[in-house]
Amino acid sequence: MATQTYVLQCLPLLPLKTQNPKKQCHLFKQKQRKLVVSKLRAAVIGGGPAGSSAAEALATGGVETFLFERSPATAKPCGGAIPLCMLGEFSIPSHLIDRRVTDMRIVSPSNVVVDLAKTLKPHEFVAMLRREVLDSFLRQRAESSGATLLKALVTNLVVPTSSREPYVIHYTMDNCQRQLAVDVVIGADGANSRVAKSIKAGNYATAIAFQERITLPEDKMGYYENLAEMYLGNDVSPDFYAWVFPKCDHVAVGTGTTCSKAHIKSLQLGIKARARSKIEGGRVIKVEAHPIPQHPRPIRVCGRVALVGDAAGYVTKCSGEGIYFAAKSGRMCGEAIVKASEGGENMINEYDLKREYLRKWDDKYFTTFKFLDVLQKVFYGNNAAREALVELCGDEYVQRMTFDSYFYKKLASGNRWEDAKMAINTISSLVRCNFLGREMEASAQKILSRV
């Protein structure tokens, strides 16, 4: 039976369906369902794109839903770029878009600049939003769909030791300690997920993203009206890229790294030095930093708890994209619970979550994540490889395949002959740039020895 809602206390609860929270492999066993006396109750921890999308799907599907967000006025530091398909798929209104980027440039370690937008179609652009604006909109939509928004800090999730017990959420709201008993929990509480720790979901590597929001003089802001820039090089990031992205009345200048977290401020100075002539005279209005997951967690479903978004580790390598995959995973998880519970009428179990959510997610996106992981290992390891990447980005076929995959969130199927040429060009660029990289390094060493 479904649990009842209790504030400030937990009363005796009716039996819940037997669970097996220890197995993570995708096993699907048909079990006899139990009808619930009242509607299934779900708690979603975290009110970003993942949590809000999950809460909206749950509430729309008939599940009694509680959405926890501790700081509705703040948002995770983020570049704020979303793909074209997300606007339609998630009905994002146009007035939320700060900039429609149609000019993109990538800058190599030696400052070779390549225009990435040569193959954009007339209707295509990268939408730039502020996370605080997008997150607020998605939370309000979840609330209007029937979810109860609790502006509260979740302090603990008590995992039941018996199949007859509910999950109990301890939280602080209005300086008061409270409790809530629920049937299902979705963890959408970011890279440092408390929910993930509660179910022992395992550790994972994280990067750190550091970003400054900078207001620019009018003429320089005009330069970035529809332009986004990405910079590569050891001086800005030893394993990722740095960026200058346009917002409504300012630019976001930032970088990210996995292996040099202690040096993140010096890397930030590096990107500001590389872009100095274009951002000089600007004023920093906000400084932000946040951990970014580097791979999916070992466990993403345990018992009647599922992880989505950053909590699950759904941020792509190479591009560092996470907003779309956060919202998509939240929606898929919410819809999975609605389907398995038949609109909140039946209890669900771990196997339902693995079958309806986890397997479908992996079937749809596992290849994409692995492909981008390989690309990062090949092209982000040293400056020579980064020079090769920028050289390849000048190829129009490479650009078209890249944008087809990014805009529409599926690996683009190209022409076999062109794919073969691209593979040969990739190898040639890596070999040539590696040779040039060694020559440049040797010349630099000679100069230093003379000094």
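Refer to the structure presented above.
Predicted model, so just to flag it, every value in this text is computed and none were measured.

Rules behind the numbers
- Residues numbered from 1 in each chain as written.
- Predicted model: local features only at pLDDT ≥ 70, side-chain atom pairs only at ≥ 80, totals over all residues.
- Heavy atoms only, no water.
- Pairing = 2+ DSSP bridges.
- Helix = DSSP H or I, 4+ residues; strand = E, 2+ residues; numbered from the N terminus.
- Buried < 20%, exposed > 50% of the residue type's maximum accessible area, 1.4 Å probe, protein only.
- Polar contact = N/O pair within 3.5 Å; in protein donor to acceptor, adjacent residues only side chain to side chain.
- Contact = heavy atoms within 4.5 Å.
- 1 Å grid on protein atoms, 1.4 Å probe; cavity = no way out; pocket = protein on both sides within 12 Å on 5 of 7 lines; lining within 4 Å.
- Points joined across faces, edges and corners; volume = space filled by probe spheres on them.
- Nonpolar A, V, L, I, M, F, W, Y, C, P; charged D, E, K, R; others polar.
- Salt bridge = Lys/Arg side-chain N within 4 Å of Asp/Glu carboxyl O.
- Phe/Tyr/Trp six-rings, centres within 6.5 Å; stacked < 30°, edge-to-face > 60°.
- Core = buried A, V, L, I, M, F, W, Y, C linked by side-chain atoms within 4.5 Å.
- Axes fitted to C-alpha atoms, helices over the stretch in contact; angles between N-to-C directions.
- Parallel < 35°, antiparallel > 145°, perpendicular 65-115°, else oblique.
- Left-handed = near helix turned anticlockwise from the far one by under 90°.

Chemist: Can you tell me about the pairing of strand β11 (residues 176–182), naming the residues and giving the values?
Modeler: The sheet contact formed by strand β10 (residues 167–173) and β11 spans seven bridges and is antiparallel. Within the sheet, the bridge partner assigned to V168 lies in β11 and is A181. Between β10 and the antiparallel strand that follows it, β11, lie two residues; D174 among them carries a positive phi value of about 55 degrees.

Chemist: I'd like a rundown of the side chain of E124, residues and numbers included.
Modeler: In this structure, E124 sits in the loop between β6 (113–115) and β7 (126–128). Among the residues examined, E124 registers a relative accessible area of 2% and is labelled buried. Separated by 2.7 Å, the side chains of E124 and Y408 make a polar contact. Residue contacts for E124: discarding those within four places in its chain leaves L84, T102, T119, R400, F407 and Y408.

Chemist: Help me get a handle on empty space enclosed by the protein, residues and values and all.
Modeler: Throughout the structure, instances matching the rule amount to one cavity of 30 Å³ or more. Its boundaries defined by the atoms lining it, the largest cavity holds a volume of some 30 Å³. As for the largest cavity, its lining consists of A207, D239, F240, G256, T257, T258, Q294 and Q376. Its residues assigned to classes, the lining of the largest cavity shows two nonpolar, five polar and one charged.

Chemist: Could you give me a rundown of the pattern of salt bridges, with the residues and numbers involved?
Modeler: One pass over the structure, following the stated rule, counts 24 salt bridges. Notably, a salt bridge pairs K39 with E345, separated by 2.7 Å at the nearest N-O pair. In this pair, K39 sits in the segment before β1 (41–45) while E345 sits in the loop between α9 (323–340) and α10 (350–379), placing the two residues 306 residues apart along the sequence. On the basis of relative accessible area, E345 is assigned to the partly exposed category, the value being 36%. We note a salt bridge from K272 to E212, for which the minimum N-O separation is 3.2 Å. Of the two residues, K272 sits in helix α6 (residues 264–274) while E212 sits in strand β13 (residues 206–215), which places them 60 residues apart along the sequence. Owing to a relative accessible area of 25%, K272 belongs among the partly exposed residues under this scheme. Here E212 falls in the buried class, since its relative accessible area comes to 10%. Three or more residues joined by partner-sharing salt bridges are found here, namely K339, D352, R355, E356 and K360.

Chemist: Got a sec to walk through the sheet that holds β7? Specific residues and values, please.
Modeler: If you trace the three strands from one edge of the open sheet to the other, you get β3-β7-β4, paired in antiparallel fashion. Edge positions in the sheet fall to β3 (81–82) and β4 (99–101), since each of these pairs with one other strand and no more.

Chemist: Tell me what's going on with the sheet that holds strand β8 (residues 148–150), and back it up with residues and numbers.
Modeler: Read across the sheet, six strands follow the order β8-β2-β1-β12-β19-β18 without closing on themselves; strand pairing throughout is mixed. A strand with exactly one partner marks an edge of an open sheet, and here the two such strands are β8 and β18 (301–302). Sheet topology note: the strand β12 (residues 184–187)/strand β19 (residues 305–307) ladder contains three bridges and is parallel. Paired with V185 across the two strands is V305, which belongs to β19.

Chemist: Break down the packing of aromatic side chains for me, with residues and values.
Modeler: A full pass over the atoms with the stated rule returns 18 aromatic pairs. Aromatic pair Y324 and F325: ring centres 5.6 Å apart, planes at 80 degrees, arrangement edge-to-face. With relative accessibility at 3%, the residue Y324 sits in the buried group. Judged by relative accessible area, F325 falls into the buried class, the value being 1%. Judged by centre distance (5.1 Å) and plane angle (70 degrees), the rings of F325 and F369 are edge-to-face. With a gap of 44 residues between them, F325 in helix α9 and F369 in helix α10 connect regions that are remote in the sequence. We note that F325, like F369, is buried.

Chemist: Go over the environment of A385, please, and point to the residues and values.
Modeler: For A385, the location among the structural elements is in helix α11 (residues 383–393). Judged by relative accessible area, which is 6%, A385 ranks as buried. For the pair formed by A385 and G233, sequence separation is 152 residues and the distance between their alpha carbons is 9.9 Å.

Chemist: Now, about the side chain of E69: what can you tell me, with residues and values included?
Modeler: The residue E69 is located in the loop between β2 (64–68) and β3 in this model. From its side chain, E69 meets the backbone nitrogen of S71 in a polar contact 2.9 Å long. Excluding anything up to four places from it in sequence, E69 contacts G46, G47, G48, R139, L149, L150, K151 and A152.

Chemist: If you had to explain the nonpolar core to someone new, which residues and values would you point to?
Modeler: Of all hydrophobic cores here, the largest spans 109 residues; its most connected members are F68, M104, I169, Y171, I337 and Y357. Among the elements that line this core, the one with the most residues is α9, at eleven residues. Setting aside residues no more than four positions away along its own chain, I337 makes contact with L40, L58, V184, I186, I348 and L353. Of all hydrophobic cores here, the second largest spans 15 residues; its members include Y224, V236, V251 and A275.

Chemist: Help me get a handle on the packing of α9 against α10, residues and values and all.
Modeler: Taken N-terminus to C-terminus, the directions of α9 and α10 make an angle of 155 degrees; their axes are 8 Å apart at the nearest point. When the interaxial angle is binned, α9 and α10 end up roughly antiparallel. With respect to the hand of their crossing, α9 and α10 are arranged in right-handed fashion. Only D352, L353, E356, Y357, K360, W361, K364, Y365 and F369 of α10 make contact with α9, whose side of the interface consists of Y324, F325, K328, S329, M332, C333, A336, I337, K339 and A340.

Chemist: Account for the environment of R300, with residues named and values stated.
Modeler: The residue R300 is located in the loop between β17 (283–293) and β18 in this model. You can call R300 buried: its relative accessible area is 10%. A sequence separation of 54 residues divides R300 from K354, and the C-alpha atoms of the two residues are 9.0 Å apart.

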